[in-house]
Amino acid sequence: MFAFSEKSEKRIVEILNKYPVRQSALLPLLALAQKQEGYITPEAMEEIGRRLDCSPAYVQSVCSFYSMFYTKPVGKYVIQFCINISCHLSGCDDLLEFTAKKLNIKVGETTPDKKFTLLKEECLAECSAGPAMRVNDTYHVNLNPQRIEQILKSLD
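Residues numbered from 1 in each chain as written. Predicted model: local features only at pLDDT ≥ 70, side-chain atom pairs only at ≥ 80, totals over all residues. Heavy atoms only, no water.

*Asks:* Quick one: what's the story with the packing of aromatic side chains, residue by residue and with numbers?
*Replies:* Inspection of the entire model under this criterion finds 4 aromatic pairs. Put simply, the rings of Phe65, Tyr66 and Phe69 pair up and form one aromatic cluster. (Phe/Tyr/Trp six-rings, centres within 6.5 Å; stacked < 30°, edge-to-face > 60°.)

*Asks:* I'd like a rundown of the pairing of strand S1 (residues 77–82), residues and numbers included.
*Replies:* Taken across its 6 residues, S1 has 6 buried, putting it largely inside the fold. Side chains Tyr77, Ile79 and Phe81 project from S1 onto one buried face, and the interleaved Val78, Gln80 and Cys82 project onto a second face that is buried too. Where S1 meets strand S2 (residues 116–121), 6 bridges bridge the pair, whose relative direction is parallel. Bridging from a neighbouring strand, cysteine 82 pairs with glutamate 121 of S2. Where S1 and strand S3 (residues 133–135) come together, 3 bridges link them in antiparallel fashion. In the sheet register, phenylalanine 81 faces S3, and the bridge partner there is methionine 133. (Buried < 20%, exposed > 50% of the residue type's maximum accessible area, 1.4 Å probe, protein only. Helix = DSSP H or I, 4+ residues; strand = E, 2+ residues; numbered from the N terminus. Pairing = 2+ DSSP bridges.)

*Asks:* How would you sum up helix H4 (residues 56–65)? Please name residues and give values.
*Replies:* Along H4, the residues classified as buried are Val59, Val62 and Cys63. End-on view of H4: buried residues confined to an arc of 100°, all on one side of the axis. Of the exposed residues in H4, those oriented more than 90 degrees away from the buried face are Ala57 and Phe65. Among the structural elements, helix H2 (26–37) and helix H3 (42–52) are those in contact with the buried residues of H4. (Arc of directions from axis to C-beta. Contact = heavy atoms within 4.5 Å.)

Rendered as structure tokens:
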């Protein structure tokens, strides 16, 4: 069973007060659940649906639409490589493969120590500075193998 923390409960009150239509609070509540647990469990989706008077299936459909929400555990550092055309033309495929080899995992996997998860992202909106990747909330652009090695070493 999923339960929001006491701190999250206070935040939920604030969030719900901002939205005259309860379902409009869906994205903020999903973000809150993910912040608390690291990912969004089916039980969290049920609880959010109950609070917003919508079905868990609807919550799940919204959750699965956005790549920023995770429905399974991820590593401490989530590395997302932009694979859109600008980054593709700048060599992101080779850099993604390089990073996967460095971490000894495949795209979509998490390292055994739960430190890194490697994902593809359709667009990071860094078209003029690609290839680009995001590590959690930090963007890295103009990437090359040496820069990626430096970034990975800095993540302790």
